[in-house]
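# Observations on chain architecture
For reference, the chains in residue letters:
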Amino acid sequence: MSDWTAEELDLVSKIEEVEVTPAGADGAPLQSVVIWAVTDGSDVFVRSVHGQRARWWKQAEASGRATFTADGVVRDVTLEHVSDIRNQAVSDAYNHKYAAQPAEFLRPMVEGESLTATFRVVPVA
């Protein structure tokens, strides 16, 4: 596995949206989704606003692989579930990064079903 570079982490921490393209069982790319992403200094996290019922999340969960695109940076990644303790830190990161967003957009990302659909995004190459 590979780590995120400092430049990549800085980019993800600053841009509003990223693109995640889950891989199918055969490794072929499926439909992309544009979502919010946060960092904690060394890792990148994404979360499904619709929880585990979102199609992209189900696909990503099934294969555990995706392509992560952030403003020209493209990385093949694996997707790992996070612990409840780490999940709170991810919520804190969402609250901090997206504090200027209207509450009706931010609240679903830090409450309810989205909390069960958080991935740590790990570069593989």
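Residues numbered from 1 in each chain as written. Predicted model: local features only at pLDDT ≥ 70, side-chain atom pairs only at ≥ 80, totals over all residues. Heavy atoms only, no water.

### Describing the overall build of the protein chain
We count it as follows: The way it works is that DSSP assigns letters per residue, a run of H or I at least four long becomes a helix, a run of E at least two long becomes a strand, and they are numbered from the N terminus. To get the radius of gyration, use the C-alpha atoms; to get the globule rule, take the number of residues to the power 0.38 and multiply by 2.2 Å. It only takes one pair of heavy atoms within 4.5 Å for two residues to be counted as in contact. For the accessible areas, the method is Shrake-Rupley and the probe is 1.4 Å, while residue cover comes only from the protein chains on display. Counting rule applied: Lys, Arg positive; Asp, Glu negative; His and chain ends not counted. Charged groups are reduced to one reference atom each: NZ for lysine, CZ for arginine, CG for aspartic acid, CD for glutamic acid.
Broken down by element type, the protein chain carries four helices and seven strands. Counting from the amino terminus, helix and strand elements in the protein chain follow one another as α-β-β-β-β-α-β-β-α-α-β. Its C-alpha atoms give the protein chain a radius of gyration of 13 Å, within 12% of the compact-globule value 14 Å for 125 residues. For the protein chain, restricting intrachain contacts to residue pairs at least 6 apart in sequence, the fraction spanning at least 24 positions comes to 70%. Accessible area for the protein chain stands at about 6,600 Å²; split by element, carbon and sulfur atoms hold 51% of it. Positive and negative side-chain charges in the protein chain, numbering 11 and 19 respectively, have mean positions lying 4 Å apart.

### Things to note about the nonpolar core
Inside soluble globular proteins, nonpolar side chains tend to come together where they are buried. As a reminder, the rule being used: Residues grouped as a nonpolar core are buried Ala, Val, Leu, Ile, Met, Phe, Trp, Tyr and Cys residues, joined through side-chain atoms within 4.5 Å. A simple rule labels every residue: compare its accessible area, found with a 1.4 Å probe on the protein chains alone, to the largest value its type can have, and call it buried under 20%, exposed over 50%, or partly exposed in between.
Of all hydrophobic cores here, the largest spans 24 residues; its most connected members are Val20, Val44, Val46, Trp56, Phe68 and Val121. Of all the secondary structure elements, the ones that give two or more residues to this core are helix H1 (6–14), strand E1 (18–22), strand E2 (33–35), strand E4 (44–47), helix H2 (55–63), strand E5 (65–70), strand E6 (73–81) and strand E7 (118–123). Residues within four places of tryptophan 56 in sequence aside, it is in contact with Val20, Pro22, Val33, Ile35, Val46, Arg47, Ser48 and Phe119. Formed by 11 residues, the second largest nonpolar core is a distinct cluster that contains Trp36, Val82, Val90 and Ala93.

### Things to note about the environment of proline 108
As for its placement among the helices and strands, proline 108 is situated in helix H4 (residues 103–110). Along the primary structure proline 108 and valine 49 are separated by 59 residues, whereas in three dimensions their C-alpha atoms are 6.0 Å apart. Excluding residues within four positions of it along the chain, proline 108 makes contact with Val49, Ala103 and Ser114.

### Topic: unusual backbone geometry
For aspartate 71, which is not glycine, the phi dihedral falls at a positive 50°. Within the secondary structure layout, aspartate 71 lies in the loop between E5 and E6. Exposure remark for aspartate 71: the relative accessible area of 60% places this residue in the exposed category.

### Considering the sheet that holds E6
The strands making up a sheet are joined through hydrogen bonds of the backbone, oriented either antiparallel or parallel. We count it as follows: The rule for pairing is simple: two strands pair if DSSP sees at least two bridges between them. Axes here refer to lines fitted to C-alpha atoms; in helices the fit is confined to the stretch in contact. Angles between the N-to-C directions go from 0 to 180 degrees.
Spatially, seven strands are ordered E2-E1-E5-E6-E7-E4-E3 in an open sheet, and the strand pairing comes out antiparallel. Of all strands in the sheet, those with a lone pairing partner are E2 and strand E3 (37–39), marking the two edges. Direction aside, neighbouring strands of the sheet carry axes that sit 35° apart on average. Pairing between E3 and E4: three bridges, direction antiparallel. Bridge pairing in E4 links valine 38 to phenylalanine 45.

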